[in-house]
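# Structure assessment
Below are the chains, spelled out letter by letter.
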Amino acid sequence: MATSNKRKYDIVVFGATGFTGQLTAQYLATHGGDRLSWALAGRNPTKLETVRRQLAELNPACADLALLSADVGNPTSLQEVARATRVVITTVGPYIRFGEPLVAACAEFGTDYVDLTGEPEFVDRMWLSYHEQAKSTGARIVNACGFDSIPHDLGAYFTVQQLPEDVPLTVEGFVKAGGEISGGTWHSAITAFSRLREYAKVAKERRSREGWPVDRRIGSTPQRIRFEKSLGSWVVPFPSIDPQMVRRSAAADDRYGPAFRYGHYIQVKRLSTVLGLVGGAGAAVLGAQFKPTRERLLRMRDPGQGPSAEKRAKAWFRVRFIGRGGGQRVVTEVTGGDPGYGETAKMLAESALCLARDRLPKRAGVISPATAMGNKLIERLQKAGIGFNVVERS
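Scope of this entry: the structure provided in the associated data block. (Residues numbered from 1 in each chain as written. Predicted model: local features only at pLDDT ≥ 70, side-chain atom pairs only at ≥ 80, totals over all residues. Heavy atoms only, no water.)

## Quick word on the overall build of the protein chain
Defined as follows: A run of H or I in DSSP becomes a helix once it reaches four residues, and a run of E becomes a strand once it reaches two; helices and strands are each numbered from the N terminus. Computation of the radius of gyration draws on C-alpha atoms, with the globule rule given as 2.2 Å multiplied by the number of residues to the power 0.38. Note on exposure labels: buried denotes an accessible area under 20% of the residue type's maximum, exposed denotes more than 50%, and partly exposed covers the range between, all computed with a 1.4 Å probe on protein chains only. In what follows, residue pairs with any heavy atoms lying within 4.5 Å of each other are defined as contacts. Each accessible area is a Shrake-Rupley result for a 1.4 Å probe, and residues are judged covered by the shown protein chains and nothing else. Charged-residue counts in this description rest on Lys and Arg as positive and Asp and Glu as negative, His and the chain ends being excluded. Where a charge lies is defined by one atom per residue type, namely NZ (Lys), CZ (Arg), CG (Asp) and CD (Glu).
A tally of helices and strands in the protein chain yields 16 helices and 15 strands. In terms of overall size, the protein chain behaves like a compact globule, its C-alpha atoms giving a radius of gyration of 20 Å where 394 residues would be expected to give roughly 21 Å. Projected onto the principal axes, the alpha-carbon positions of the protein chain cover approximately 55 × 45 × 40 Å. Split into buried and exposed, the 394 residues of the protein chain put 54% on the buried side. The long-range fraction of contacts in the protein chain, counting pairs at least 24 apart against all pairs at least 6 apart in sequence, stands at 81%. Accessible surface, the protein chain: about 17700 Å² in total, of which carbon and sulfur atoms supply 50%. Positive and negative side-chain charges of the protein chain, numbering 54 and 39 respectively, have mean locations separated by a distance of 3 Å.

Quick look at the structure:
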């Protein structure tokens, strides 16, 4: 890969003054290890200094952290960051508005990149614009390294490995969680809802240019609201970025079999909850189409703030996967704590550490977490307290 061991830093955190950026920096301060060379980057030196002082209370060595001036409105500053480090973490979203200049810099200089976007349009635009350049420079541009889409992408990959090889496989994922949606995720979602037409055009262009394996079939299971007896609950199709990431991982890896289908659902107990969920989502999509209501929706959550440590400690998630193939059935789970903030910061930081330190397949371009890091990242997350477990075999 083009990323060099001679670069000054292993990791730079861009957006370290935001709520999730601070949590990510705190994780690196306490879990990065003594040999990690890293820095903070952002546009406000005073806020960066405040974050550094807070980190030094967790780890005195952080008092010497470098602070880099970087602004999405100044591409040269982002190029300097990309040139100086092996991996960039960015928490600066919505990515469709602020993300491209940093991707461009990383693709140009062969720098690995991770973000926590859940915005399909942004991911597709980055693939269209920078995939080939990143392949040529050796940069691994890895989107969706938070709750979108680590548990789902790696969970499906983990499930596939429990099933026979070289046979058609079907996997369905069922998401259940308790906790607050992050402000950044809320802003990204409303922005994405307001750009459905633009996204449809970009998705169509990517499909026409990308092409999936001609000798393998990759698709979706039938998507419908239903009562899932094995879970004892209703399940609702969840059209997030997660199933797209899973299918792209499947397209890149023969281990998913000659034919692979994936379905993605939210798990709820009562039919009344289903109706409320569908109605609320429809209202958000409709409201996002008009500027006055869109601005009102955006004001409902501040992307730079989040819940208290006490609230985050009570939050949790579980994604249960049911996989079938070759006459076998397997049930697996990916579990963890606060999905919107704490575990997202953990996943993002461990993804960067994995790219910086681990021996990985020689793959580059705009690629999924499972394609870039696979089992190495699963092992890291298990050691960090995120469960990847087989629940049942039959």
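Having seen the structure, we can now continue with the description.
## Quick look at the pattern of salt bridges
The condition that has to hold: We define a salt bridge as a contact between a side-chain nitrogen of Lys or Arg and a carboxyl oxygen of Asp or Glu at a distance within 4 Å.
Evaluated as defined, the whole model comprises 17 salt bridges. Several salt bridges share partner residues, and in doing so they unite Asp124, Arg206, Glu210 and Arg248 into one network.

## Overview of helix H5 (residues 100-109)
An α-helix turns once per 3.6 residues; consequently, residues spaced three or four apart project the same way. For H5, every residue scored as buried is listed here: Leu102, Val103, Ala105, Cys106, Ala107 and Phe109. Buried residues along H5 sit against strand S1 (9-14), helix H3 (75-84), strand S4 (85-90), strand S5 (112-115), helix H6 (120-137) and strand S6 (140-142). Phi turns positive one or two residues past the end of H5, at Gly110, with a value near 65 degrees.

## Digging into the environment of Ile367
Looking at the element boundaries, Ile367 is found in strand S14 (residues 365-367). You can call Ile367 buried: its relative accessible area is 12%. When the C-alpha atoms of Ile367 and Asp153 are compared, they prove to be 12 Å apart, with 214 residues separating the residues in sequence. Beyond its immediate chain neighbours, meaning those up to four positions away, Ile367 contacts Arg140, Ile141, Val142, Asn143 and Ala372.

## So, the nonpolar core
Note the cut-off: Among buried residues, those of type Ala, Val, Leu, Ile, Met, Phe, Trp, Tyr and Cys that are joined through side-chain atoms within 4.5 Å constitute a nonpolar core.
If you look at the biggest cluster of nonpolar residues, it comprises 62 residues, and the most contacted ones within it are Ile11, Leu28, Trp38, Leu40, Leu55, Phe260 and Met373. Tallying contributions element by element places helix H14 (residues 342-357) first for this core, with eight residues. When residues no more than four places from it in sequence are discounted, the contact partners of Met373 are Val142, Cys145, Ser351, Cys354, Leu355 and Leu360. Ranked by size, the runner-up nonpolar core spans 31 residues in total, among them Phe14, Leu68, Tyr130 and Ile141.

## A short note on the sheet that holds S4
To keep it simple, the criterion reads: At least two DSSP bridges between two strands are required for those strands to pair. Axis angles are defined between N-to-C directions and span 0 to 180 degrees, where every axis is a line fitted to C-alpha atoms and, for a helix, only to the segment in contact.
Within the open sheet, the seven strands sit side by side as S3-S2-S1-S4-S5-S6-S14. Their pairing is parallel. Both outer strands of the open sheet, strand S3 (66-69) and S14, are each paired with one neighbouring strand and no more. Looking at each pair of strands side by side, their axes are set apart by 20 degrees on average, direction ignored. Relative to S4, S1 runs parallel, the two sharing five bridges. Bridge pairing in S4 links Val12 to Val88. In the packing of H5 onto the sheet, contacts are made with S1, S4, S5 and S6, and the angle to S5 comes to roughly 155 degrees.

## A look at the side chain of Asp10
Along the chain, the position of Asp10 falls in strand S1. Overall, the relative accessible area of 16% leaves Asp10 in the buried class. In this structure, Asp10 is in contact with Arg35, Leu36, Ser37, Thr85, Arg86, Val87 and Ala356, ignoring residues within four places of it in sequence.

## So, unusual backbone geometry
For the bond from Gly93 to Pro94, the omega torsion is 0 degrees, close enough to zero to count as cis. On the secondary structure map, Pro94 appears in the loop between S4 and helix H4 (95-98). The step from Asp148 to Ser149 runs through a cis peptide bond, and the omega angle for that step is 5 degrees. If you trace the backbone, Ser149 turns up in the loop between S6 and helix H7 (150-160). Its identity is not glycine, yet Ala144 carries a phi of approximately 60 degrees, on the positive side. Secondary-structure assignment places Ala144 in the loop between S6 and H7.

## Description of the packing of H3 against H5
Put simply, the rule reads: Geometric relationships in this document are graded by angle, where less than 35 degrees denotes roughly parallel, more than 145 denotes roughly antiparallel, 65 to 115 denotes roughly perpendicular, and other angles denote oblique. In a left-handed crossing the near helix is turned counterclockwise from the far helix by less than a right angle, and in a right-handed crossing that turn is clockwise. Residues are grouped as follows: nonpolar covers Ala, Val, Leu, Ile, Met, Phe, Trp, Tyr, Cys and Pro; charged covers Asp, Glu, Lys and Arg; every other residue, Gly included, is treated as polar.
Close contact between H3 and H5 brings their axes to 9 Å; oriented N to C, the two are set at 45 degrees. Looking at the two axes, H3 sits oblique to H5. Our pair here, H3 against H5, has a crossing hand that is right-handed. For the pair H3 and H5, contact is made by Leu78, Gln79, Ala82 and Arg83 and by Pro101, Leu102, Ala105, Cys106, Glu108 and Phe109, respectively. A breakdown of the residues in the contact of H3 with H5 according to their chemical character gives seven nonpolar, one polar and two charged.

## Describing the side chain of Arg329
Applied cut-off: Counting of polar contacts relies on pairs of N or O atoms within 3.5 Å, with two restrictions inside protein: one atom must be capable of donating a hydrogen and the other of accepting it, and residues adjacent in sequence are counted only when both atoms are side-chain atoms.
Mapped onto the fold, Arg329 is located in strand S13 (residues 328-336). A distance of 3.1 Å separates polar atoms of two side chains, one belonging to Arg329 and the other to Glu392.

## A few points about the environment of Tyr130
By secondary structure assignment, the location of Tyr130 is in helix H6. Accessibility expressed as a relative area gives 13% for Tyr130, which makes it buried. Considering only alpha carbons, one finds Tyr130 and Thr76, 54 residues apart in sequence, at a separation of 18 Å. Those residues in contact with Tyr130, other than ones at most four positions away along the chain, are Glu100, Val103, Ala104, Ala107 and Val366.

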